[in-house]
Amino acid sequence: MKKHLIAAALAGALLTLAGCADESTPSSAQAQHLQPIDVATVLVKPVQSWHTYTTRLESPQEVALMPRVSGVIDHIAFNEGDNVKKGDLLFKLDDRPFAAVVASLEAQINSAQAALEQAKSEAKRAVRLTQRKAISTEQAESRTSVLRQREAQLAALQAQLTSAELDLEFTSIVSPIDGVISRANITKGNNIIAGQSVLTSIVSNEKMYAYFDIDERTWNSAFSNVTAASRQPVVMQKVGQHDFAYKGYINFIDNQINSSTGTLRVRAVFDEDNNQLRSGSFARIKLAANSISEQIIVPDRSIGTDLKNRFVLTVGENNVLQYKLVTVGERYGSLRAVTSGLSEGDVIAVNGPARVGPGMPIAPNTVTIDSSDVAFTLSNDESRLVAKQ
């Protein structure tokens, strides 16, 4: 009898424990299945509006090198693609014909000088004879005329000699500017024609220009007080790069609006690294408006799209995600400005609605939004602007 009572008591105890276990299982299972989500507090940063333009770089000086005299190339004195300095010898022509002309003119000048000396002597003698009435006035004037002719002949020959010496000097073709030289279009032994044959090209690389057009509305609203003297800063990105790594400034603003296009032509100059910038390169220019305002900054991936709306998921009470409509502004690298819909101190789901949705409880994993490599303004000391992806 006692055995049956003990068995019944044990069975009741087991049922009670089983009932307690059943009651506690749902809550613990729910806690185990909460989605772990990275969350972060939004940033508040002073930012500027950016305006992007595309262009191609231009060198301030480009020379298509042509000879000043015709002749035969005797020597090429440069390596193709090298940096050259103003005055460096590039091509040498066969100068023997030009040297012969110079020698001939020098001989003619010597003869003309001798004839001039004789004419001077005869003119002086004519003056003395005229005073003694030994020759007629007509003869004296004739000798004076001969003297003037000899002087003119000598002057003409000296001018011809100067021209011939210049031609001889021009047989040594030198670089007119500092820059990078291209290949030789005409090689040794070929005849070249003055003012027609293009020997090579030289491009200055001390700085690079970037011309671009700003529409009239943007200029008047954001840059009306900008002048060339204010050196408005810009940043530049070359094709194939991810960063706007080159810093420059505006140094020219055209004097009128183009009435056909409604745009104003401006020029930025870049002179910080002439070894990497090449004339003709495609470039994107970013120009920052002068006004600076504080705005909410969030990761661009945290913003979702719902039909025509943009939204983010914020963390509410009991770690439940909430739907917030937002208005977005400029993008700064992987970050985005939010102009309305969020407030300072809001906590958002960093990765957006990729794995979660509004009304869902989550297990928050707090992280920090990294903005260390992003320039929000050009007035700070940060060295580069991360490109839009």
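In this convention, every chain numbers its residues from 1, walking through the sequence in written order. Selection of residues for local features in this predicted model requires a pLDDT of at least 70, selection of side-chain atom pairs for listing and counting requires 80 or more, and totals for whole chains, interfaces and linings are taken over all residues. For side-chain calculations, the full set of non-hydrogen atoms in the structure is used, while hydrogens and water are omitted.

1. What about the overall build of the protein?
The condition is simple: The helix and strand labels rest on DSSP assignments: H or I over at least four residues marks a helix, E over at least two residues marks a strand, and numbering proceeds from the N terminus. For the exposure calls, accessible area comes from a 1.4 Å probe over protein chains only, and a residue counts as buried if that area is under 20% of its type's maximum, exposed if over 50%, partly exposed in between. We call two residues contacting when some pair of their heavy atoms lies within 4.5 Å. Calculation of accessible area relied on Shrake-Rupley with a 1.4 Å probe; when residues are assessed, cover is drawn exclusively from the protein chains displayed.
When you go through the protein residue by residue, the secondary structure sums to 4 helices and 23 strands. Per-residue burial over the protein gives 33% buried out of 389 residues. When contacts within the protein are restricted to residue pairs at least 6 apart in sequence, those whose partners lie at least 24 apart make up 76%. Total accessible area on the protein is roughly 22,500 Å²; 49% of this is exposed by carbon and sulfur atoms.

2. A closer look at the packing of helix 2 (residues 96-131) against helix 3 (residues 137-170)
To keep things clear, this is the line we draw: Helix axes use the C-alpha atoms of the stretch in contact, all axes being lines fitted to C-alpha atoms, and the angles between their N-to-C directions lie in the range 0 to 180 degrees. Angle categories: roughly parallel below 35 degrees, roughly antiparallel above 145, roughly perpendicular from 65 to 115, and oblique for all the rest. By definition, any crossing whose near helix is turned counterclockwise from its far helix by less than a right angle is left-handed, and any crossing with a clockwise turn is right-handed. For this scheme, ten residues count as nonpolar: Ala, Val, Leu, Ile, Met, Phe, Trp, Tyr, Cys and Pro. Four count as charged, namely Asp, Glu, Lys and Arg, and the remainder, Gly too, count as polar.
It is at 8 Å that the axes of helix 2 and helix 3 come closest, and there the two elements cross at 160°. Taken as axis vectors, helix 2 and helix 3 run roughly antiparallel relative to one another. Note that helix 2 runs across helix 3; the crossing there is left-handed. Taken together, the residues that form the contact of helix 2 with helix 3 break down as 21 nonpolar, 5 polar and 9 charged.

3. What about the environment of V315?
In this structure, V315 sits in strand 18 (residues 309-315). In this structure the C-alpha to C-alpha distance between V315 and T41, which are 274 residues apart in sequence, comes to 9.8 Å. Those residues within four positions of V315 in sequence are excluded, and the remaining contacts are V39, V320, L321, V347 and I362.

4. Some points on the pairing of strand 20 (residues 335-340)
Cut-off, in case you're wondering: Strands pair, by our definition, only if DSSP identifies at least two bridges between them.
Alignment of strand 16 (residues 282-299) against strand 20, held across 4 bridges, turns out to be antiparallel. The residue bridging V298 from the neighbouring strand is R336, located in strand 20. Sheet topology note: the strand 19 (residues 321-332)/strand 20 ladder contains 4 bridges and is antiparallel. From the neighbouring strand, V328 faces strand 20, where its bridge partner is V338.

5. Comments concerning helix 2
The condition that has to hold: Multiplying 1.5 Å by the residue count of a helix minus one yields the expected span of that helix.
Helix length check: helix 2 (36 residues) gives 53 Å between terminal C-alpha atoms against 52 Å at 1.5 Å per residue, within 8%. Among all positions of helix 2, only F98, V102, L105, I109, A112, L116, A119, A123, A126 and L129 are buried. Against helix 3 lie the buried residues of helix 2. Of the residues trailing helix 2, K133 is marked for its positive phi of about 60°.

6. Some details on the sheet that holds strand 6 (residues 89-93)
Pairing within the open sheet is antiparallel, and its 4 strands lie in the order 7-6-4-9. Single-partner strands in this sheet number two, and they are strand 7 (172-174) and strand 9 (191-192). Relative to strand 9, strand 4 (residues 71-76) runs antiparallel, the two sharing 2 bridges. Among the inter-strand pairings, V72 is bridged to a residue of strand 9, identified as N191.

7. Points about the sheet that holds strand 5 (residues 83-84)
With respect to topology, 4 strands assemble into an open sheet ordered 3-10-8-5, the strand pairing being antiparallel. The strands lining the two open edges of the sheet, one partner per strand, are strand 3 (62-65) and strand 5.

8. What about the pattern of salt bridges?
Going by this rule: Salt bridge, as used here: a side-chain nitrogen of Lys or Arg that lies within 4 Å of a carboxyl oxygen of Asp or Glu.
Following the criterion strictly, the structure yields 6 salt bridges and no others. The partner of K92 in a salt bridge is D95, and the shortest N-O contact between them spans 3.7 Å. A relative accessible area of 21% means that K92 is categorised as partly exposed. Between R148 and E151 there is a salt bridge; the shortest N-O distance is 3.8 Å.

9. What to know about the confidence of the model for the protein
To keep things clear, this is the line we draw: A residue's pLDDT is the predictor's confidence in that residue, given on a scale from 0 to 100.
In the predicted model, the protein carries a mean pLDDT of 85, and the fraction of residues at 70 or more is 88%. Highest mean pLDDT in the protein belongs to strand 6 (97); lowest belongs to strand 23 (residues 385-386) (44). Low confidence marks residues 1-11, where pLDDT is under 50. Its contacts with residues over four positions away, or in another chain, come to 0 contacts.

10. So, unusual backbone geometry
The backbone of L307 shows a phi angle near 55°, a positive value even though the residue is not glycine. Assignment of secondary structure puts L307 in the loop between strand 17 (304-306) and strand 18. Accessibility expressed as a relative area gives 81% for L307, which makes it exposed. One non-glycine residue with positive phi stands out, namely N318, at about 60°. Here N318 is to be found in the loop between strand 18 and strand 19.

11. Side note on the nonpolar core
Heads up, the condition is: As used in this record, nonpolar core signifies buried Ala, Val, Leu, Ile, Met, Phe, Trp, Tyr and Cys residues forming a set joined through side-chain atoms within 4.5 Å.
Of all hydrophobic cores here, the largest spans 23 residues; its most connected members are F212, M236 and F270. If you list the elements that add at least two residues to this core, you get strand 2 (43-58), strand 11 (208-215), helix 4 (216-222), strand 12 (233-238), strand 14 (246-253), strand 15 (263-270) and strand 16. Not counting the four nearest positions on each side in its chain, F212 is found in contact with Y53, T55, L264, R265, V266, A268, I285 and L287. Membership of the second largest hydrophobic core comes to 17 residues, among which are V69, F78, L93 and A184.

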